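Residues per chain, in single letters:
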Amino acid sequence: MDILYRSTRGSSRKVKASEAILQGLAEDGGLYVPERLPAFDRTWEEFSRMDYRQTAFEVMKLLLTDYTEEELKRCIDRAYDEKFDTPAIAPLKEAGGAWYLELFHGRTIAFKDMALSILPHLMTTAAQKNHVKRQIVILTATSGDTGKAALAGFADVEGTRILVFYPKNGVSPIQEKQMVTQKGKNIRVAGIYGNFDDAQTGVKALFADGELTQRMAEAGFQFSSANSINIGRLVPQIVYYVYAYGQLLRMGRIRDGQKINVVVPTGNFGNILAAFYAKQMGLPIARLLCASNENKVLCDFFSTGVYDRNREFILTTSPSMDILISSNLERLIFSLTGEDPAQNAAFMDSLGREGRYEISDKMRAGLKDFYGNYASQEECAQKIGSLYRESGYVVDPHTAVAAVVYDKYRAQTGDGAVTVIASTASPYKFTRSVMTSLDPSCSSEDDFTLVDQLAGISRTAVPAAIEEIRTAPVLHDIQCGKEQMKAVVEEFLGL
Ligand SMILES: *Cc1c(COP(=O)(O)O)cnc(C)c1O
């Protein structure tokens, strides 16, 4: 049976998966959610024998029901190929009493590649299916990793253009270099004077700008989004949780049906929401551990039921999680209201006007499978060092946030369940903070010297993504205030 998608905020019409992917955001400003979550229709034993692509097909066919089998398989084959530096695509590594699910083997060495390798294919297929003649303009705000992964995914894709806004002083030097060296005829990258929330709010305002969309339509363009508000990002992220479970079963590390815990370093709440959806579709997950950095809005929300963004924005060593407005939380809130769009819209309105909202005790009861906590920068640095000394395994600062929160959870609960930690970035992407955590005396070296040192101590090869940018020329140097974002769009599209 077809799964349709509805908005979290209103009664606007239900759309097919391909339409939801094309549109990104619903017309009323809400996020698309599947009207129901279907159950997995393969056994865990069957999943344990599948490779990544087969798993992807079996999961995605359940939610993207208006794509034909052939279309979906073609998208999957094009996405999960040699762009990944291991045939496992998302390997599991055991270290320090947990399983690290390495989601950083794609082209830009962060977990965003897992979904952004396939989104351009899902989107161009959707455009064909819906007879869209206009060029699709991908407008994206990034806290560092989405931008590069989206640029790499959409560069020179026929029928699309892509424009990325990043916070000029809020990303790591390697993240910035990755973006400003991106090649492609259809792309534009701009740094804004502001933080990620400013970039994201600016992008949402452009989406909602009727006058702009009208002029774009006349010139043959329409917006879509590569941010994790797009259901075409969320669905591919469910896949790797199922795949991880299958791998643990295949290796004999769990029994068929045995429950595991999942820990996710969280920013915009997309990755952990995918794990929550996987659980609702039947994956044996006991608890979902939501790990925050010092911007611990979510951690406070889980402990008090109050979401309050009125606080200082802290630039941390895990920049991709420096977020105070976690967009995808709206999908969980909607679910907690019993799928009541009016109630959800009221919460989001309050968030927009006052920067806060408080959920009821009844809604809080729906959060019992979640555990929220946070890690300071100091704790992360220590964890990177101690994990390396104990096991030789090096994690990036985002993954370290999750590892610290997992330690706190175990100390508090004594829960020894088999646990998967989503490892969201390669340590090479954050070489400076990783290396100074391991050895403070190396802070005077330049970034690429540190890269070579990291390769030596972790006994891993320098990823191609890093080699590429060592000498690449800077191709983009636009910087602007947040009020000028519209002008950047107009100039890019020649409006
Ligand atoms: C985007 C990102 C996160 C946060 O993921 P969300 O889906 O936004 O919660 C964590 N770690 C890294 C490295 C990221 O790039």
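Everything numeric here is computed off the predicted structure, so don't read it as measured data. (Residues numbered from 1 in each chain as written. Predicted model: local features only at pLDDT ≥ 70, side-chain atom pairs only at ≥ 80, totals over all residues. Heavy atoms only, no water.)

Draft legend 1. Representation of the pairing of strand S14 (residues 419–423). Counting buried residues along S14, five of its five residues qualify, which places the element largely inside the surrounding structure. Residues Thr 419, Ile 421 and Ser 423 point to one face of S14 and Val 420 and Ala 422 to the other, with burial holding for every one of them. With four bridges connecting them, strand S4 (residues 98–102) and S14 associate as parallel partners. Within S14, the residue paired with Glu 102 across the bridge is Ser 423. Two elements, strand S9 (residues 260–265) and S14, share three bridges in a ladder whose sense is parallel. If you follow Val 262 over to S14, its bridge partner there is Val 420. (Buried < 20%, exposed > 50% of the residue type's maximum accessible area, 1.4 Å probe, protein only. Helix = DSSP H or I, 4+ residues; strand = E, 2+ residues; numbered from the N terminus. Pairing = 2+ DSSP bridges.)

Draft legend 2. Region of interest: the pattern of salt bridges. Going through the model one piece at a time under the given rule, you end up with 34 salt bridges. Across the pair Lys 73 and Glu 69 runs a salt bridge, and its minimum N-O distance is 2.8 Å. On the criterion of helical spacing, the pair formed by Lys 73 and Glu 69 is a turn pair, its members being four residues apart in helix H4 (residues 69–79). Owing to a relative accessible area of 35%, Lys 73 belongs among the partly exposed residues under this scheme. Between Asp 452 and Arg 470 there is a salt bridge, and its shortest N-O distance comes to 2.8 Å. Remark: Arg 470 occurs in helix H21 (residues 464–470) and Asp 452 occurs in helix H20 (residues 447–458); sequence separation between them is 18 residues. (Salt bridge = Lys/Arg side-chain N within 4 Å of Asp/Glu carboxyl O.)

Draft legend 3. Summary view of the sheet that holds strand S8 (residues 221–224). Read across the sheet, five strands follow the order S8-S5-S6-S7-S15 without closing on themselves; strand pairing throughout is parallel. Unpaired on one side and paired on the other, S8 and strand S15 (478–481) mark the two borders of the sheet. The mean angle between the axes of side-by-side strands here comes to 30°, regardless of whether they run parallel or antiparallel. Two elements, strand S5 (residues 135–141) and S8, share four bridges in a ladder whose sense is parallel. For Gln 135, the partnering residue across the bridge sits in S8 and is Phe 221. Relative to S8, helix H10 (residues 210–218) is tilted by about 130°, and along the sheet it contacts S5 and S8. (Axes fitted to C-alpha atoms, helices over the stretch in contact; angles between N-to-C directions. Contact = heavy atoms within 4.5 Å.)

Draft legend 4. Examining the nonpolar core more closely. Of all hydrophobic cores here, the largest spans 113 residues; its most connected members are Tyr 5, Phe 40, Leu 64, Tyr 241, Phe 269, Ile 333 and Tyr 357. Of the residues forming this core, the biggest block, 13 residues, is contributed by helix H11 (residues 231–250). Sequence-distant contacts of Phe 40, that is, excluding residues within four places in its chain, are made with Phe 47, Val 59, Leu 62, Ile 238, Val 242, Ala 278, Met 281, Gly 282 and Leu 283. With 38 residues, the next largest nonpolar core counts Leu 387, Ile 421, Met 435 and Leu 450 among its residues. (Core = buried A, V, L, I, M, F, W, Y, C linked by side-chain atoms within 4.5 Å.)

Draft legend 5. Expanded view of the side chain of His 476. Residue placement: His 476 occurs in the loop between H21 and S15. A relative accessible area of 10% places His 476 in the buried class. A distance of 3.0 Å separates a polar side-chain atom of His 476 from the backbone oxygen of Gln 182. Filtering out sequence-adjacent residues up to four positions away, His 476 remains in contact with Met 179, Val 180, Gln 182, Ile 187, Arg 188 and Val 189. (Polar contact = N/O pair within 3.5 Å; in protein donor to acceptor, adjacent residues only side chain to side chain.)

Draft legend 6. Summary view of the site of the ligand. The environment of the ligand is made up of 15 residues, and the closest members are Lys 112, Asp 145, Gly 267, Asn 268 and Thr 424. Side-chain polar atom of Asp 145 to an oxygen atom of the ligand: 2.5 Å apart, as the coordinates give it. By residue class, the composition of the shell around the ligand is five nonpolar, eight polar and two charged. (Near = heavy atom within 4 Å. Nonpolar A, V, L, I, M, F, W, Y, C, P; charged D, E, K, R; others polar.)

Draft legend 7. Region of interest: the packing of helix H12 (residues 270–280) against helix H14 (residues 329–336). Their axes nearest at 9 Å, the elements H12 and H14 cross at an angle of 35°. Across from Leu 273, Phe 276 and Tyr 277 in H12, the residues of H14 making contact are Arg 331, Leu 332 and Ser 335. Partitioning the contact of H12 with H14 into residue classes produces four nonpolar, one polar and one charged.

Draft legend 8. Local environment of H10. Its side-chain oxygen placed 3.2 Å from the backbone nitrogen of Glu 211, Asp 209 serves as the N-cap of H10. At the exit of H10 stands Gly 220, carrying a positive phi of roughly 90°.

Draft legend 9. Just the packing of helix H17 (residues 377–391) against helix H19 (residues 431–438), in detail. Across the interface, H17 lies against H19 with an axial gap of 8 Å and an inter-helix angle of 65°. Judged by the angle between their axes, H17 and H19 are roughly perpendicular. At the point where H17 passes H19, the crossing takes the right-handed sense. Between H17 and H19, the contacting residues are Ala 381, Ile 384, Gly 385 and Tyr 388 on the first element and Val 434, Ser 437 and Leu 438 on the second. By residue class, the composition of the contact of H17 with H19 is five nonpolar, two polar and no charged. (Parallel < 35°, antiparallel > 145°, perpendicular 65-115°, else oblique. Left-handed = near helix turned anticlockwise from the far one by under 90°.)

Draft legend 10. Spotlight on unusual backbone geometry. Backbone geometry places Ile 89, a non-glycine residue, at a positive phi of 65°. What makes Ile 89 buried here is its relative accessible area of 4%. Even without being glycine, Ile 109 reaches a positive phi, approximately 55°. Structurally, Ile 109 is set in the loop between S4 and helix H5 (112–116). By relative accessible area, which is 3% here, Ile 109 ends up buried.

Draft legend 11. Seen up close, the sheet that holds S14. With mixed pairing, the six strands of this open sheet are ordered in space as S3-S4-S14-S9-S10-S13. Edge positions in the open sheet fall to strand S3 (92–95) and strand S13 (370–374), since each of these has one partner strand only. Direction aside, the axes of adjacent strands within the sheet are offset by 25° on average. Along the sheet, helix H13 (residues 297–304) contacts strand S10 (285–292) and S13; its crossing angle with S13, the most-contacted strand, is approximately 135°.

Draft legend 12. Focus on the packing of aromatic side chains. For the structure on display, the rule yields 21 aromatic pairs. Ring centres of Tyr 371 and Tyr 409 lie 4.9 Å apart, and the angle between their planes is 65°; on these two criteria the pair is classed as edge-to-face. Of this pair, Tyr 371 sits in strand S13 while Tyr 409 sits in helix H18 (residues 397–413), and the two are 38 residues apart along the sequence. On the basis of relative accessible area, Tyr 371 is assigned to the buried category, the value being 10%. Owing to a relative accessible area of 1%, Tyr 409 belongs among the buried residues under this scheme. Three or more aromatic residues joined by ring pairs make a cluster, and in this case those are Phe 269, Phe 276, Tyr 277, Phe 301, Phe 302, Tyr 307, Phe 347, Tyr 357 and Phe 370. Sitting over the face of the ring of Tyr 67, Lys 129 holds its NZ or CZ atom 5.4 Å from the ring centroid. One Lys or Arg, Lys 296, reaches over the ring of Tyr 374 and ends 5.2 Å from the middle of that ring. (Phe/Tyr/Trp six-rings, centres within 6.5 Å; stacked < 30°, edge-to-face > 60°. Lys NZ or Arg CZ within 6 Å of the ring centre and 35° of its normal.)

Everything listed here is a matter of geometry and, on its own, says nothing about what the molecule does.
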